[in-house]
Amino acid sequence: MKICKIKIGNVKGISEYCLNSIILPNRPNILVAPNGFGKSSIATAFASIEPGGMKLSEDNAHNNDITNLPSLEIELTDGRTVYADTQTNTIKSLF
């Protein structure tokens, strides 16, 4: 199972971002980018996933506004897509 796309919405400095890259399982995958790129926002999106959905504190919401609802979508090379937002988490079924 390889990840080919990660879409993040409304997390920290990211209003909407799509990372198109093959991420291989059981191998180091390193994201190198300049300051302000959104590396910590990507990490925060993954860290905020809970069984019932995404839970972000106000200071991790986009523009510190909790009405900006977070989302995380992961597309796999086999065509499957899993998703998490404030009320849903289908990511837990695969990861």
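Look above for the structure.
These numbers were taken from a predicted model, which means no experiment stands behind them.

A. Up close: the layout of surface pockets. Of the volumes computed, that of the largest pocket is approximately 170 Å³. For the largest pocket, the full set of lining residues is Ile-6, Leu-19, Ser-21, Ile-23, Asn-29, Ile-30, Leu-31, Ile-42 and Phe-46. Sorting the residues of the lining of the largest pocket by element identifies β2 (14-23) and α1 (39-47) as the ones contributing at least two each. Top element by residues in the lining of the largest pocket is β2. It accounts for 3 residues. Of the residues belonging to the lining of the largest pocket, the class tally is 7 nonpolar, 2 polar and no charged.

B. Structural detail: the nonpolar core. Counting residues in each nonpolar core, the largest one holds 15 residues, and the members touching the most others are Ile-6, Ile-8, Met-54, Leu-72, Ile-74 and Ile-91. Those elements that provide at least two residues to this core are β1 (3-11), β2, α1, β5 (71-76) and β6 (81-84). Element by element, the count of residues in this core is highest for β1, at 4 residues. Those residues in contact with Met-54 that sit more than four places away from it in its chain are Val-11, Ala-45, Ser-48, Ile-49, Pro-70, Ser-71, Leu-72, Ala-84, Asp-85 and Thr-86.

Conventions and cut-offs
- Residues numbered from 1 in each chain as written.
- Predicted model: local features only at pLDDT ≥ 70, side-chain atom pairs only at ≥ 80, totals over all residues.
- Heavy atoms only, no water.
- 1 Å grid on protein atoms, 1.4 Å probe; cavity = no way out; pocket = protein on both sides within 12 Å on 5 of 7 lines; lining within 4 Å.
- Points joined across faces, edges and corners; volume = space filled by probe spheres on them.
- Helix = DSSP H or I, 4+ residues; strand = E, 2+ residues; numbered from the N terminus.
- Nonpolar A, V, L, I, M, F, W, Y, C, P; charged D, E, K, R; others polar.
- Core = buried A, V, L, I, M, F, W, Y, C linked by side-chain atoms within 4.5 Å.
- Buried < 20%, exposed > 50% of the residue type's maximum accessible area, 1.4 Å probe, protein only.
- Contact = heavy atoms within 4.5 Å.

So, to be careful, I would describe these as geometric facts and stop short of saying anything about function.
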